[in-house]
Amino acid sequence: MHTLASYDELPYDSLPLPETQPDFLAAVARLHGFEAPPPSRARILELGCAQGGNLIPLAWRWPESVCVGVELSRVQAEAGADFVRRLGLGNVRILHGDLAALPDDLGQFDYLIAHGVFSWVPPAVQAALLEVCRRHLAPQGIAYLSFNVAAGWEKLQPLRAALVGRTAADLPAPARYVQALRVLDELQTECSDPLLLKEIAYLKTAAPSYLFHEYLADFNAPMTFAEFAARLDAHGLRYVGEAGPRRAVVELEDAWGLIPESMAGRWLDAEGALDDAFATRFRRALVARDDAPCAQPPQASALRTLAFHADLRSDAEIDLESATEQDFVNPAGNRFPIALPAMKAAAMALSGVYPNALPYPDMVDAARRLLAGFGLPAALDEAAFDAALFQLVIAHGVMPTAWPGTFEAEPGEHPRAHALARQQAGSPGWVVSGARHVALDLDPAGRMLLAALDGSRTVGELAAWMRTSLQASGRVPALDRLDELTRRQLWLFARQGLLQADRDTPDPA
Ligand SMILES: C[S@@+](CC[C@H](N)C(=O)[O-])C[C@H]1O[C@@H](n2cnc3c(N)ncnc32)[C@H](O)[C@@H]1O
């Protein structure tokens, strides 16, 4: 079978992508009035899965799920299959193959994920991808398809044209990337458009694979939302909602009493108008079969049936007494303004139990208790609270989930990381994924510590072991503070849900 040379030579950073988590997709679908299958026992198919950095942690998290990844780049597919073998994980397979020629006996799937594929493949493969969705989606299944949107890409096309035109297409991908960096330097002096200059500055620091595959790849075909919806329609599929963070959502006037079917056309038009207003570049569309019940624009009322998690902090002391707007910041540095005191309290409560989630009623109770603890009125304006929560959920400051999960919160006496985290930490080229499917940025010492957490050492022994190992490897970072740094690192691992309950016996080597 043939392979994809550009991805063999310059593999895509295979990261966990929080927006593709089926529990999140099910939650978003529910906001749209669409009930997707329970994620923890789901059949999940990922197309163009690279080495499986997104799919494998999902399979690990849900042992009762069945996960299949398909990847055309032989190098990436084999790296993924090898990782799965070493982990001894029985519910996931990474297949080397073409999504346009899937094995006949693959069956149907509750969740189908294709991130960074649709706009980057030739038209025939795009059509095949939509056919796969129609053929392999279960009746209530949800597909996640991300694609580049014309509204935002229109202005970036001259940049792509310059990079494609001024680099040699026959060079191996890594060498062409180096050439592209030089072209970016030239463009920086030639160009005066602030938007392009901002993009050039970003591209100079972005992952090589991003620059290559967005700006130099043979295919990058942005399309309007209307075109995308028409393509879905032609393949017996239908738009359900958007899994990406948003600044605004569609609210239809005079839609009261209308069934979803009769508001569909107006809704889709409004989605397109929103792209034009915000110059949207990228969409993460949720898609279902067209014989499944029709979805509708998102409804805040559905929030009450969901659970939520958030990892937020505030630079300033949180003022629960007044409705002064305060910024809450997530680990990626994104800022989310919150004014409503009850919502500030809820954000504090959620962040306090992260990575665990709180079902809506528990979150509201926790917010009330926090307010009462500060001697403030615990009565809550539910409509105002739901409106504030809805805004945060839409912007991804607070993530909704249909699967709360439970995670160990403390390192314990003999810290022990779960096998996936240890193997990720000990495997070069693999990113460590947090419990909520986020990519963790660990330095080499952090990875070394995590890989060693088999439950055989106490916290003190771990600090001593780190000291010896770091000295032996020639790295001598703050040796005098190593005890403290080790302890702090362990708490960070616990906060990311990487640790398991303390056990008497260590894991077998
Ligand atoms: C931009 S990358 C995205 C990788 C991964 N989904 C992610 O988001 O990190 C696109 C991936 O699709 C794979 N791909 C492209 N055409 C394919 C095809 N016809 N069948 C299967 N995989 C394909 C590429 O090899 C590459 O790994």
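Going by the structure above, here's the rest.
Residues numbered from 1 in each chain as written. Predicted model: local features only at pLDDT ≥ 70, side-chain atom pairs only at ≥ 80, totals over all residues. Heavy atoms only, no water.

Caption draft 1: Looking closely at unusual backbone geometry. Note that the residue after Tyr354, namely Pro355, is joined by a cis bond; omega there is 10°. Structurally, Pro355 can be placed in the loop between α13 (341-353) and β11 (358-359). The backbone of Ala279 sits at a positive phi, close to 50°, despite the residue not being glycine. With respect to the helices and strands, Ala279 occurs in the loop between α12 (260-278) and β7 (282-289). Residue Ala279 is classed as partly exposed on the basis of its relative accessible area, which comes to 35%. The residue His396 is not glycine, and still its phi comes out positive at about 70°. As for its placement among the helices and strands, His396 is situated in the loop between α15 (382-395) and β12 (399-401). (Helix = DSSP H or I, 4+ residues; strand = E, 2+ residues; numbered from the N terminus. Buried < 20%, exposed > 50% of the residue type's maximum accessible area, 1.4 Å probe, protein only.)

Caption draft 2: Here's a closer look at the layout of surface pockets. Taken as a whole, the second largest pocket encloses approximately 350 Å³ of empty space. In terms of lining, the second largest pocket is formed by 17 residues, of which the most central are Trp60, Arg61, Phe407, His418 and Gly497. Among the elements that make up the lining of the second largest pocket, the one with the highest residue count is helix α3 (residues 55-61) (three residues). Taken together, the residues of the lining of the second largest pocket break down into eight nonpolar, seven polar and two charged. The residues that make up the lining of the second largest pocket include at least three from each of domain 1 (5-149 + 222-289) and domain 4 (419-495). (1 Å grid on protein atoms, 1.4 Å probe; cavity = no way out; pocket = protein on both sides within 12 Å on 5 of 7 lines; lining within 4 Å. Points joined across faces, edges and corners; volume = space filled by probe spheres on them. Nonpolar A, V, L, I, M, F, W, Y, C, P; charged D, E, K, R; others polar. Domains from an automatic or database assignment.)

Caption draft 3: Structural context of the site of the ligand. Close to the ligand lie 19 residues; Gly48, Glu71, Asp98, Leu99 and His115 are nearest. Here a nitrogen atom of the ligand and a side-chain polar atom of Asp98 are 2.8 Å apart. Across the complex, the protein chains shield 96% of the 590 Å² of accessible surface that the ligand would expose by itself. Partitioning the shell around the ligand into residue classes produces nine nonpolar, six polar and four charged. (Near = heavy atom within 4 Å. Polar contact = N/O pair within 3.5 Å; in protein donor to acceptor, adjacent residues only side chain to side chain. Areas by Shrake-Rupley, 256 points an atom, 1.4 Å probe, with all protein chains shown as cover.)

Caption draft 4: Local environment of the sheet that holds strand β2 (residues 66-71). Strand order in the open sheet formed by seven strands is β3-β2-β1-β4-β5-β7-β6, and the pairing between neighbours is mixed. Lying at the two open borders of the sheet, with one neighbouring strand each, are β3 (92-96) and β6 (237-242). The sheet shows a mean angle of 20° between the axes of neighbouring strands, taken without regard to direction. Bridge count between strand β5 (residues 137-148) and β7: six bridges; the pairing is antiparallel. The partner of Tyr144 across the bridge, within β7, is Leu286. The sheet contacts of helix α4 (residues 74-87) involve β2 and β3, and relative to β3 the element is tilted by about 155°. (Pairing = 2+ DSSP bridges. Axes fitted to C-alpha atoms, helices over the stretch in contact; angles between N-to-C directions. Contact = heavy atoms within 4.5 Å.)

Honestly, it's all geometry; don't read function into it.
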